[in-house]
Amino acid sequence: MKRTRSIVRGIGSYLPRRRLTNQDLEKVVETSHEWIVQRTGIEARHIADDDETTSVLGTKAAEAALADAGLTANDIDLIICATSTPDYTFPSTATMIQNGLGMTHGVAFDLQAVCTGFVYAVATADKFLQSGSHKRALVIGAETFSRILDWNDRTTCVLFGDGAGAIVLEAQEGEGTSSDRGVLTSHLRSDGRYRDKLYVDGGPGSTKTTGVLKMEGREVFKFAVGMVADVVQDAFAATGTSAEELDWFVPHQANRRIITASADKLGIAQDKVVITVNRHGNTSAASIPLALDVARKDGRIKDGDLVMIEAIGGGFTWGSALIRW
C-alpha cells in the first residue's frame, strides 16, 4: 500500500566561531584533558559569542540545509526548532529563524524535549507531512547550552557545547515498505518521575530566573543505556528490519561511553556508530543533526542507507527514528 514518506532533501549545520579545548578548560576550572577524555570522550566544544544566539545558529544551519537541498525559503512551509535554550521566553526561536530566512508564510514553532528534541521534531514534522497539510519542513536542533552552565562546576561545564544542525524533509509518495526513502518509523517516550536527575534549577514560572544545569551523572548514565533499547527495538519491529541491516547508528552525542555501551546492548557493530562528541561535546538537541551532517559530508552516509537516530534527555524523554536516506 502506497504511503507518504518524509524524505531527507538536504542537511546543514553551523558551529560557533570560538572553539574551547580541554586544555583551555584546564586554565579556568580544576580538571584535566586526560580526565575529561577518559570519562566522556570529549576533546573540544564550541562556545557561542554574545552575538551568536540560538536563532542565529539555527538560521545559519537552516541556510546550509536549504543550499544542500537546492531549495529556498520560499519552498518551505513548516519550521520546527528543537531547543532548550531559546533566545527569549517568547517569541519562539523558530519564528526568529523564519524571519532570518526572509519567510512571511507557513508556520514555525519550537519544540522542547531537551536532548531528545531533534528526534521529537523529526517525528512531529513527519506527522505534518504525512497528513498532507504541509509539503516541506525545516527541522532544526539549535542550542547555546553554554548560557545555562555553572562554569565553576567541573562535573558539568566540561560536557556541553553550542551549535545547530538542520534537515529539510519533503513529502513524497513511497511504496509503503522498508525500502522506501524517508522516515520509516518513530517512537517517543517520556517519564517525568526522573526530573531531578537532569534539570535546570530555574525558569520564569518558578524562580523568575534562567537557572543553571544540574545533573546526577551516574544516574543519567545508567538510565541512558537502559532506557533507549526499547525505542530502538520498537523501530526494528515496526519495519521488519534488524541491527544487522542497519548502515549507521547516529545517537545523541552525550558521552562516548554511553554511545558505545548502548550500541553493544543493541547488537550494533561499533564500526556502524557515528561519534562526534569528541569534537562537539554535548550540544543537546543539536547533537544528532550535527553528527548526521558530518557523516553525510565525509561520505559515510550515502543515498539509500538505513540510519537510526536515538536520544535520551532531561525529563526523562527518549525516542528513536529510523530513516532511509
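Here the structure is a predicted model, which is why all the values come from computation and not from measurement. (Residues numbered from 1 in each chain as written. Predicted model: local features only at pLDDT ≥ 70, side-chain atom pairs only at ≥ 80, totals over all residues. Heavy atoms only, no water.)

Per the secondary structure count, the protein includes 9 helices and 13 strands. Against the globule reference of 20 Å for 325 residues, the protein gives a C-alpha radius of gyration of 18 Å, in line with a compact fold. Oriented by its inertia axes, the alpha-carbon framework of the protein measures out at about 60 × 45 × 40 Å. Residue burial in the protein is summarised as follows: out of 325 residues, 57% are buried. Intrachain contacts of the protein at a sequence separation of at least 6 include 75% that bridge at least 24 residues. In the protein, the 35 positive side-chain charges and the 41 negative ones have mean positions that sit 2 Å from each other. (Helix = DSSP H or I, 4+ residues; strand = E, 2+ residues; numbered from the N terminus. Rg over C-alpha atoms; globule rule 2.2 N^0.38 Å. Buried < 20%, exposed > 50% of the residue type's maximum accessible area, 1.4 Å probe, protein only. Contact = heavy atoms within 4.5 Å. Lys, Arg positive; Asp, Glu negative; His and termini not counted. Charge placed at Lys NZ, Arg CZ, Asp CG, Glu CD.)

This brings us to the side chain of N255. In this structure, N255 sits in the loop between β11 (248-251) and α7 (256-266). Overall, the relative accessible area of 10% leaves N255 in the buried class. In this structure the side chain of N255 is engaged in a polar contact, spanning 2.7 Å, whose partner is the backbone nitrogen of R257. Not counting residues within four places of it along the chain, the set of residues in contact with N255 comprises R39, T40 and V277. (Polar contact = N/O pair within 3.5 Å; in protein donor to acceptor, adjacent residues only side chain to side chain.)

What follows covers the environment of F90. With respect to the element layout, F90 can be found in the loop between β4 (78-82) and α4 (93-100). Separated by 20 residues in sequence, F90 and D110 have C-alpha atoms that sit 10.0 Å apart.

In terms of burial, β4 is a largely internal element, 5 of the 5 residues being buried. Neither face of β4 is exposed, since L78, I80 and A82 on one face and I79 and C81 on the opposite face are all buried. Pairing of β4 with strand β5 (residues 107-111), which is carried by 5 bridges, proceeds in the parallel orientation. Residue pairing across strands places I79 opposite A108, the latter belonging to β5. Judged from the 5 bridges that link them, β4 and strand β6 (residues 136-144) form a sheet pairing that is parallel. The residue bridging L78 from the neighbouring strand is A137, located in β6. (Pairing = 2+ DSSP bridges.)

The 5 strands lie next to each other as β1-β7-β6-β4-β5, forming an open sheet whose pairing is mixed. What marks the edges here is a single partner per strand, and that holds for β1 (3-14) and β5. When strand polarity is set aside, the average angle formed by the axes of neighbouring strands in this sheet is 20 degrees. Bridge count for β6 against strand β7 (residues 162-174) is 9 bridges, and the pairing is antiparallel. When the sheet's bridge partners are listed, A137 is paired in β7 with L169. Sheet strands in contact with α4 are β4, β5 and β6, and its direction is about 140 degrees off that of β5. (Axes fitted to C-alpha atoms, helices over the stretch in contact; angles between N-to-C directions.)

Here we come to the UniProt feature "active site" (unreviewed entry) in the protein. Within this structure's numbering, the places UniProt gives as "active site" (unreviewed entry) are C115, H252 and N282. In three dimensions, the annotated residues from a span of 168 residues occupy one location, with a maximal C-alpha spread of 8.7 Å. Locating C115 in the fold gives a position in the loop between β5 and α5 (117-131). Look at C115 and you get buried, because its relative accessible area is 5%. Setting aside residues up to four positions removed in sequence, C115 forms contacts with H252, N282, S284, A285, A311, I312 and G313. (UniProt positions renumbered as here; feature names shortened; annotations may be inferred.)

Take the sheet that holds β11 next. The strand order across the open sheet formed by 4 strands is β8-β13-β12-β11, and the pairing between neighbours is mixed. The open sheet has two edge strands with one neighbour each: β8 (182-190) and β11. Shown here is a sheet whose adjacent strand axes are inclined to one another by a mean of 15 degrees, direction ignored. Here α5 sits on the sheet in contact with β8, β12 (306-313) and β13 (317-324), set at roughly 125 degrees to β8.

Of all hydrophobic cores here, the largest spans 47 residues; its most connected members are L246, F249, I268, M308 and F316. When residues of this core are assigned to their parent elements, the largest contribution, 11 residues, is made by helix α6 (residues 217-239). Both of domain 1 (3-174) and domain 2 (182-324) provide at least three residues apiece to this core. Dropping the residues within four chain positions of it, F249 is found in contact with A263, L266, I268, K272, V273, V274, M308 and E310. In this structure, Y120, A137, V139 and V250 belong to the second largest nonpolar core, which totals 35 residues. (Core = buried A, V, L, I, M, F, W, Y, C linked by side-chain atoms within 4.5 Å. Domains from an automatic or database assignment.)

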